[in-house]
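One letter stands for each residue in the lines below.
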Protein chains: 2
Amino acid sequence: MTFTARTPRVAAARKLQRRRDRDQSGRFLAEGPQAVREALAAGVVLELFATAEAIERHADLAAHAEVVSEISEDGLAALAETVQPQGLVAVCEQIDVPLKEALAKKPRLVAVVAEIRDPGNAGTILRTADAAGAGAVIFAGDAVDPYNGKCVRASAGSLFHVDVVRSPLDVVTPLRDAGLQVLATSGYGADDLDSLADDGVLAAPTAWLFGSEAHGLPAALLDAADRPVRVPIYGGAESLNLAAAAAVCLYASARAQR
Amino acid sequence: MTFTARTPRVAAARKLQRRRDRDQSGRFLAEGPQAVREALAAGVVLELFATAEAIERHADLAAHAEVVSEISEDGLAALAETVQPQGLVAVCEQIDVPLKEALAKKPRLVAVVAEIRDPGNAGTILRTADAAGAGAVIFAGDAVDPYNGKCVRASAGSLFHVDVVRSPLDVVTPLRDAGLQVLATSGYGADDLDSLADDGVLAAPTAWLFGSEAHGLPAALLDAADRPVRVPIYGGAESLNLAAAAAVCLYASARAQR
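Residues numbered from 1 in each chain as written. Chains lettered and ligands numbered in written order. Predicted model: local features only at pLDDT ≥ 70, side-chain atom pairs only at ≥ 80, totals over all residues. Heavy atoms only, no water.

(A) Representation of the interface of chain B and chain A within the structure. Of the residues lining the interface, 32 residues belong to chain B; the matching set on chain A comes to 32 residues. Considering only the surface of chain B that becomes buried against chain A, Arg-127, Tyr-234 and Tyr-251 of chain B emerge as the three largest contributors, covering 23% of it. Inspection of the chain B/chain A interface yields 10 salt bridges. The salt bridge involving Asp-198 of chain A is made with Arg-258 of chain B; its shortest N-O contact spans 3.1 Å. Scanning the region where chain B abuts chain A turns up 26 residue pairs in polar contact (both at pLDDT 80 or more). Breaking the side of chain B that touches chain A down by element, the ones donating at least two residues are helix H8 (119-131), helix H11 (193-198) and helix H13 (242-257) of chain B. Broken down by element, the residue count for the side of chain B that touches chain A peaks at 6 residues, all from H13 of chain B. (Contact = heavy atoms within 4.5 Å. Buried area = accessible area lost by both parts, 1.4 Å probe. Salt bridge = Lys/Arg side-chain N within 4 Å of Asp/Glu carboxyl O. Polar contact = N/O pair within 3.5 Å; in protein donor to acceptor, adjacent residues only side chain to side chain. Helix = DSSP H or I, 4+ residues; strand = E, 2+ residues; numbered from the N terminus.)

(B) How the structure looks around unusual backbone geometry. Non-glycine residue Glu-115 of chain A carries a positive phi angle of around 55°. As for its placement among the helices and strands, Glu-115 of chain A is situated in the loop between strand E5 (109-114) and helix H8 (119-131).

(C) Main features of the side chain of Thr-185 of chain B. Residue and element names in this part refer to chain B. Examined against the element boundaries, Thr-185 turns out to sit in strand E8 (residues 181-185). At 2.7 Å, the side chain of Thr-185 forms a polar contact with the backbone oxygen of Leu-209. Not counting residues up to four positions away in its chain, the partners in contact with Thr-185 are Trp-208, Leu-209, Phe-210, Gly-211, Leu-217, Leu-222, Val-229 and Cys-249.

(D) The arrangement of the pairing of strand E2 (residues 45-50) of chain A in detail. Residue and element names in this part refer to chain A. In terms of residue burial, E2 counts as a mostly covered element, since 5 of its 6 residues are buried. One ladder, built from 5 bridges, connects E2 with strand E4 (residues 88-93); its direction is antiparallel. Following the sheet pairing, Phe-49 is matched in E4 by Val-89. Pairing geometry for E2 and strand E3 (residues 68-70), over 3 bridges, is parallel. Among the inter-strand pairings, Leu-48 is bridged to a residue of E3, identified as Val-68. (Buried < 20%, exposed > 50% of the residue type's maximum accessible area, 1.4 Å probe, protein only. Pairing = 2+ DSSP bridges.)

(E) Broad picture of the sheet that holds strand E1 (residues 27-31) of chain B. Residues and elements named next belong to chain B. Taking strand neighbours across the sheet as the criterion, the 4 strands line up as E1-E4-E2-E3 in an open arrangement whose pairing is mixed. In this open sheet, the two strands that pair with only one neighbour each are E1 and strand E3 (68-70). Strand-to-strand twist in this sheet, taken as the mean axis angle between neighbours without regard to direction, amounts to 20°. On top of the sheet, helix H3 (residues 33-41) reaches E1, strand E2 (45-50) and strand E4 (88-93); it is set at about 30° to E4, its chief contact. (Axes fitted to C-alpha atoms, helices over the stretch in contact; angles between N-to-C directions.)

(F) View of H3 of chain B. Among all positions of H3 of chain B, only Pro-33, Ala-35, Val-36, Glu-38, Ala-39 and Leu-40 of chain B are buried. At the C-terminal side of H3 of chain B, Gly-43 of chain B shows a positive phi close to 70°.

(G) Structural context of the packing of helix H13 (residues 242-257) of chain A against H13 of chain B. Between H13 of chain A and H13 of chain B, the least distance of the axes is 8 Å, while the angle of their chain directions is 55°. Put simply, H13 of chain A runs oblique to H13 of chain B. Two packed elements cross with a definite hand, and for H13 of chain A against H13 of chain B that hand is right-handed. Contact residues: Ala-244, Ala-247, Val-248 and Tyr-251 of chain A in H13 of chain A; Ala-244, Ala-247, Val-248 and Tyr-251 of chain B in H13 of chain B. Among the residues making up the contact of H13 of chain A with H13 of chain B, the classes are represented as 8 nonpolar, no polar and no charged. (Parallel < 35°, antiparallel > 145°, perpendicular 65-115°, else oblique. Left-handed = near helix turned anticlockwise from the far one by under 90°. Nonpolar A, V, L, I, M, F, W, Y, C, P; charged D, E, K, R; others polar.)

(H) Structural view of H13 of chain B. Residues and elements named next belong to chain B. Taking 1.5 Å of rise per residue, 16 residues should cover 22 Å, and H13 covers 23 Å from first to last C-alpha, within 8% of that figure. Burial of H13 is extensive: 14 of the 16 residues sit out of reach of the surface. Its side-chain oxygen placed 2.9 Å from the backbone nitrogen of Ala-243, Asn-241 serves as the N-cap of H13. (Expected span 1.5 Å × (residues − 1).)

(I) Molecular detail of the packing of aromatic side chains. Throughout the structure, instances matching the rule amount to 10 aromatic pairs over all chains. With a centroid separation of 4.6 Å and 40° between ring planes, the pair formed by Phe-28 of chain B and Tyr-147 of chain B is classed as tilted. On the criterion of sequence distance, the pair formed by Phe-28 of chain B in strand E1 and Tyr-147 of chain B in the loop between strand E6 (136-140) and helix H9 (149-155) is long-range, its members being 119 residues apart. In terms of burial, Phe-28 of chain B and Tyr-147 of chain B fall into one category: buried. Through successive ring pairs, a cluster of aromatic residues spans Phe-28, Tyr-147 and Phe-160 of chain A. (Phe/Tyr/Trp six-rings, centres within 6.5 Å; stacked < 30°, edge-to-face > 60°.)

(J) Examining the nonpolar core more closely. Ranked by size, the top nonpolar core spans 120 residues in total, and within it Phe-139, Trp-208 and Phe-210 of chain A together with Phe-139, Trp-208 and Phe-210 of chain B carry the most contacts. Look past the residues within four positions of Phe-139 of chain B in its chain and what remains in contact with it is Val-113, Ala-122, Leu-126, Val-144, Pro-146, Cys-151, Val-164, Val-165, Arg-166 and Ser-167 of chain B. (Core = buried A, V, L, I, M, F, W, Y, C linked by side-chain atoms within 4.5 Å.)

(K) Spatial organisation of the domain arrangement of chain A. Residues and elements named next belong to chain A. As far as domains go, chain A holds domain 1 (8-93) and domain 2 (99-257). For domain 1 versus domain 2, the distance between C-alpha centres works out to 30 Å. The interface is formed by 15 residues belonging to domain 1 together with 14 residues belonging to domain 2. Interface area for domain 1 against domain 2, summed over the two sides, is near 1100 Å², with a carbon-plus-sulfur share of 55%. In terms of surface lost to domain 2, no three residues of domain 1 exceed Arg-19, Phe-28 and Glu-38, which account for 42% of the buried area on that side. The interface formed by domain 1 and domain 2 holds 3 salt bridges in total. Among the salt bridges present, the one from Arg-22 reaches Asp-145, with a minimum N-O distance of 2.6 Å. Put simply, domain 1 and domain 2 have 6 residue pairs in polar contact (both at pLDDT 80 or more) between them. For the side of domain 1 that touches domain 2, the secondary structure elements donating two or more residues are helix H2 (19-25), strand E1 (27-31) and helix H3 (33-41). Per-class residue counts for the side of domain 1 that touches domain 2 are 7 nonpolar, 2 polar and 6 charged. (Domains from an automatic or database assignment.)

Shown next as structure tokens:
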């Protein structure tokens, strides 16, 4: 039996494109072979919807899913948010962990996205943090939902590799209690990144705080952090794009911590 | 007199949203106060279209434009590509320079975007290269048009700060002749970025080659470069997003060259 867009289970899954329904159900959607492969490896796939063609082409993935439901092309179009979903959409259990649990593992590198609303930026930072070896990424305050489809896609699988945490905005004290120095990125930071690297400061376990591109970090977080840090600007640009600044900071820490 | 979407000069300017018309006319559009300010400073604004409200709010900008044409809200909506253009769109002369001219200035840091099709990525790399102190950004081969509206916006003014060059794909020889070592980014590079930094290699004048996120660098460029270089991946991510990788490489050079 092939499910269509009107099949109740497909219609119910489709609702997971909305944050309210994700929050209520504790589930989210992962689409495309890469995300589905990572979700299966993480053991969080509840149901894999796939077209007949995708079941054949990705037989290895279909074999690892407990429930595989064949869907029509219109069913796929209803579930998928991209133009080329490549035939696969998985309903997954949300995987975020409490702050306490993530910090109990004593990560040496943590990224905090504070009130970042843009899902593409948040997902890119998640991917970069994972690449730089971060143990946890904390979505603090009124940040984008990490399970937003665009965030999941921009993370390119990294959502399943690091501890994802959702927390209130006041994260500085628990971070510091976990032995992390807390560095706040700011265009007006007193310390510049290169000086901190020269002085050996970046070798210590570090949590980086990143604010939104439009508003920067909330003042309360900036004040609570150990140091405000600016990425040096050598040319005529006023600032860096948020995800680029995060990449420079996280990799400076990764290099210093080796 | 207030121009509308149907006024011939507005209709003609609107055509600059299309690459063909930009290529034929040698002009492009810059929208919003930041881009318009930079374009005015660069002396390339031919005509500034502004709503009555924007002329009042941005009197300093209007005062510096040789030709200011008041447009209606519908005229603005026709010219602008964003939802919130803030009342200003300027018709500008294209500002790219020949490769020879850019290299004659002996830049110590150059970014090459080779066959990159995504305008947001290209504009972000332009912004990051400017911030890292690069002297030139080269759009090589079948790359996106640097004057594409999305690229102009993502560059956040940096289009007007660095030498922008459009060139054929085979740029390695002229770069090397200009005294630059040519480093090609590749997920499979033999050298990793941290080792090159440790060994002092990055202190030399450098041109970085970046390929598209989907296909990487064309083989001919990868082969012609002095070294293929990979950004080290410390965690579970397969790779970095293109603009993030570019930020890490360009800032590693900037730091080493200080």
